[in-house]
Amino acid sequence: MDRITACAALLLTICPGGTVSAQGTQPGATETLRHLYISASGKGGAPVADLTAADLVVKEDGRRLEVVGLERATAPLRVALLVDDSGPGLRFIREGAGLFIQRLGGLGEIALFSIGGRNTAIVDFTGDVAALYQGVRQLTTRTTTGAYLLDGVHDAIEALGSRDAERPVLVVLMLEGPEFSSVRADRLLDELRRSRAVLHVVSLGKPTLKTMTAWSQMPTDSLRENLDENINRKKFVEDGTRMSGGRFAQVLVDSGIPGAMQAVAEDLAAQYVVVFRRPGGSPAKKITVTASRGDVRVRVRAEAAR
């Protein structure tokens, strides 16, 4: 085993959150090993189980870098699961959340939040599956007509940040409908970027606009207000999932929730960590990871590696 491979193994097994520097083959030359967590899916969106380092192309600003290792990710997950229980479909919402928790049991910690009506922390971060199941049973159809999704994400990002997690994740199960949050998408996208969390979103229903919010409003006022709300939320969930390397799934009927949540859980359980070599001295820039295999799609954070 050469020195680079040995350092890559050290990075993977001893300090998955660290950076390792090693001497190059030329006197005085230095090289830095960096790592990224990636998801790889094949046709139909199923995780790819047989990905190899030779299948990956890693580039920094268009320049190809050397891949020195690829392994299954083993660092514990830290997942904030946000559930909108402000509308119908409670049976399938609970089933989907339960399947998600069941699949990721033993792989890290999960916290459960309700964003229906108001933001409520139901279960703090824990690896206790039984406690999380009990929390799922506390989800109930609210009497409100909308949710505070973006405010809930803001609170969850703060909770994740306080834990300094190696693999932070935000999973949102949302219902299409009124959005009452005050936080703006651009601000929240910046928070998501700084948190390094991967955002996955499962959305139930077709995107809709309300027609009126109060008896005293003119229809044009209501339309403008709710168009802004929907655009704000749509921008965050679509841009956030794309830039963080997550999934966005739109399901039209509530019976599709369990399958969509199961797919997100499988994606997280099958993540890889890729280690690559880049020149030392200069700060890491934007890194892209693609697959040379045409049947494989790689999703990764659209930012510099750790």
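Asker: I'd love a proper account of the sheet that holds strand S10 (residues 248–251), names of residues and values included.
Answerer: Backbone-to-backbone hydrogen bonds pair the strands of a sheet. The strands run either parallel or antiparallel. Here we have six strands laid out as an open sheet, ordered S7-S6-S5-S8-S9-S10, and mixed in their pairing. Strand pairing shows two members of the sheet lacking a second neighbour, strand S7 (120–126) and S10, which therefore form its edges. Taking each pair of neighbouring strands and ignoring which way they run, the sheet shows an average axis angle of 10°. Relative to S7, strand S6 (residues 108–114) is paired through four bridges, and the arrangement is antiparallel. Looking at the pairing, Leu112 lines up with Val123 of S7. The strands that helix H3 (residues 129–137) touches are S6 and S7; relative to S7, the one it contacts most, it runs at about 170°.

Asker: Help me get a handle on the side chain of Gln271, residues and values and all.
Answerer: Assignment of secondary structure puts Gln271 in the loop between helix H7 (257–269) and strand S11 (272–279). Under the relative-accessibility criterion, Gln271 is labelled buried at 6%. Here Gln271 is in contact with Tyr37, Ile38, Ser39, Arg72, Ala73, Leu77 and Arg167, once residues within four sequence places are set aside.

Asker: Break down the packing of aromatic side chains for me, citing the residues and quoting the values.
Answerer: Geometrically, a pair of aromatic rings is defined through the distance of the ring centres and the angle of the planes. Counted under the stated rule, the structure contains one aromatic pair. Ring centres 5.6 Å apart and planes at 55° place the aromatic pair Tyr148 and Phe180 in the tilted group. Placement of Tyr148 in the loop between H3 and helix H4 (149–161) and of Phe180 in the loop between strand S8 (167–175) and helix H5 (185–195) is noted, with a sequence separation of 32 residues between them. Using a relative accessible area of 32% as the deciding quantity, one classes Phe180 as partly exposed. Between the NZ or CZ atom of Arg78 and the centre of the ring of Phe125, over which it lies, the distance is 6.0 Å.

Asker: Account for unusual backbone geometry, with residues named and values stated.
Answerer: For Asp61, which is not glycine, the phi dihedral falls at a positive 50°. Locating Asp61 in the fold gives a position in the loop between strand S3 (56–60) and strand S4 (63–72). Classification of Asp61 by relative accessible area gives exposed; the value is 53%. Here Arg196, not a glycine, exhibits a phi torsion of approximately 65°, which is positive.

Here is what the cut-offs are and how they apply
- Residues numbered from 1 in each chain as written.
- Predicted model: local features only at pLDDT ≥ 70, side-chain atom pairs only at ≥ 80, totals over all residues.
- Heavy atoms only, no water.
- Pairing = 2+ DSSP bridges.
- Helix = DSSP H or I, 4+ residues; strand = E, 2+ residues; numbered from the N terminus.
- Axes fitted to C-alpha atoms, helices over the stretch in contact; angles between N-to-C directions.
- Contact = heavy atoms within 4.5 Å.
- Buried < 20%, exposed > 50% of the residue type's maximum accessible area, 1.4 Å probe, protein only.
- Phe/Tyr/Trp six-rings, centres within 6.5 Å; stacked < 30°, edge-to-face > 60°.
- Lys NZ or Arg CZ within 6 Å of the ring centre and 35° of its normal.

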